Amino acid sequence: MEIGLTTFAELTPDPHTRAVVSPQQRLHDLIEEMVLADEVGLDVFGVGEHHRPDFAVSAPAVVLGGAATRTKRLRLASAVTVLSSDDPVRVFEAFSTVDLLSGGRAEIWAGRGSFIESFPLFGLDLDDYDELYAENLDLLLALRASERVTWAASGRHRAPLDNIGVYPRPVQDPLPVWVAVGGTPQSVVRAASLGLPLTIAIIGGQPERFAPLVELYRQAAEQAGQPADLPIAINTHGFVAPTTAAAISTFYGPYAASMSQIGRERGWPPMSPQQFDALRAPRGSLVIGTAEEVAEKILFQHE
């Protein structure tokens, strides 16, 4: 098992003072967090992509490139790259650069994205959400497979490439590409059929409800003739503190505020203390508490 951290570099207001850390300070703190994660021996650190005022990172590769020069062994991942609304050539070039800077530690976690701001920002139609992702993933895999690329998909979303070289080339061959999903069976099957590692975001509910997705992934990989031991990662919200009470009192306010804000945008009810308690229960998705409690919860989710 490997253990790491992921972040969206949130700019959540303090629930008591309403003060917000500046984006400049948040990014500075983020690099220091990644340096510390490297020093204490964590395996991976993922940085998300968002195009909204409540998160500080819209260009994960830039942040990861900064961390690459200050870390030695930590794998550096996007969590996620919103591939539906990005150009695969630029994604490949950016992460190849991170790979070179880090000596072969970059990873692309390619997802469709759970927010929609990037679509109007880059002049894309949200109705093409899945079609864009499928086409862009196909091109991204072609780019990592060969230095010179000839590629043509449907032609609806991007011009074809005719024996064009894409540079720089990464240290790793191939550059790792994971498929990141939030629970869509079609995305799980796509990852399996392509032989790509899978990472699952467990944002709420009981982690065991995702077990059928993992089984589907294994079955689809076998049917597609892919290896049976493709890597799988899970991601869930967490917080560790010296005591359980300290973890709850520190984490609940900002977490409830953030989830309630997103809930208002999507028609969900506000986060309540009762819902929070259910999520941090032994079979809930939140991984919070003392180091011992967090370790026990991670082992439960792994099982």
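Not measured: the values here are computed from a predicted model. (Residues numbered from 1 in each chain as written. Predicted model: local features only at pLDDT ≥ 70, side-chain atom pairs only at ≥ 80, totals over all residues. Heavy atoms only, no water.)

### A closer look at the overall build of the chain
Move 1: Scanning the chain for helices and strands turns up 10 helices and 12 strands.
Move 2: The C-alpha atoms of the chain give a radius of gyration of 19 Å, which matches the 19 Å a tight globule of 303 residues would have.
Move 3: Seen through its principal axes, the chain has C-alpha atoms that stretch 60 × 45 × 40 Å.
Move 4: Taking all 303 residues of the chain together, 44% fall into the buried category.
Move 5: Counting contacts in the chain only where the partners sit at least 6 residues apart, residues at least 24 apart contribute 65% of the total.
Move 6: Summed over all atoms, the accessible surface of the chain reaches about 15100 Å², with 56% contributed by carbon and sulfur. (Helix = DSSP H or I, 4+ residues; strand = E, 2+ residues; numbered from the N terminus. Rg over C-alpha atoms; globule rule 2.2 N^0.38 Å. Buried < 20%, exposed > 50% of the residue type's maximum accessible area, 1.4 Å probe, protein only. Contact = heavy atoms within 4.5 Å. Areas by Shrake-Rupley, 256 points an atom, 1.4 Å probe, with all protein chains shown as cover.)

### Considering the environment of Gln24
Move 1: As for its position among the elements, Gln24 is in helix α1 (residues 23-40).
Move 2: Judged by its relative accessible area of 69%, Gln24 falls in the exposed class.
Move 3: Here the alpha-carbon distance between Gln24 and Ala56, two residues 32 residues apart in the chain, equals 8.3 Å.

### Examining unusual backbone geometry
Move 1: The residue after Ala79, namely Val80, is reached through a cis peptide bond having omega 10 degrees.
Move 2: On the secondary structure map, Val80 appears in the loop between β3 (75-78) and β4 (81-82).
Move 3: Omega for the bond connecting Tyr167 with Pro168 falls within 30 degrees of zero, at 0 degrees, which places this linkage in the cis form.
Move 4: Secondary-structure assignment places Pro168 in the loop between β7 (161-165) and β8 (177-181).
Move 5: In this model, Arg18 sits at a positive phi of 65 degrees, which is unusual for a non-glycine residue.

### Notes on the pairing of strand β1 (residues 4-7)
Move 1: Sheet topology places β1 next to strand β2 (residues 44-47); 4 bridges connect them, and they run parallel. In the sheet register, Thr6 faces β2, and the bridge partner there is Gly46.
Move 2: Regarding topology, α1 serves as the crossover connection from β1 to the parallel β2, and that connection is right-handed. (Pairing = 2+ DSSP bridges. Right-handed = clockwise from strand over helix to strand, strands pointing away.)

### Thoughts on the nonpolar core
Move 1: By size, the foremost hydrophobic cluster in this structure holds 54 residues, and its most contacted members are Leu30, Met34, Val47, Leu76, Ile108, Leu137 and Leu143.
Move 2: In terms of residue count, helix α5 (residues 129-145) provides more of this core than any other element does, 6 residues in total.
Move 3: Among residues more than four places away in sequence, those in contact with Leu76 are Met34, Phe45, Leu64, Ala67, Ala68, Thr71, Val98, Ser102, Arg105, Ala106 and Glu107.
Move 4: If you look at the next biggest cluster of nonpolar residues, it comprises 9 residues, including Ala256, Met259, Phe276 and Ile288. (Core = buried A, V, L, I, M, F, W, Y, C linked by side-chain atoms within 4.5 Å.)

### Structural notes on the pairing of strand β10 (residues 232-236)
In regular strands, side chains alternate between the two faces of the sheet.
Move 1: Here β10 shows a clear split, with Ala233 and Asn235 buried on one side and none of Ile232, Ile234 and Thr236 buried on the other.
Move 2: Bridge count for strand β9 (residues 198-202) against β10 is 5 bridges, and the pairing is parallel. Bridged to Ile200 within β10 is Ile234.
Move 3: Considered for its hand, the β-α-β crossover made up of β9, helix α7 (residues 211-223) and β10 is right-handed.

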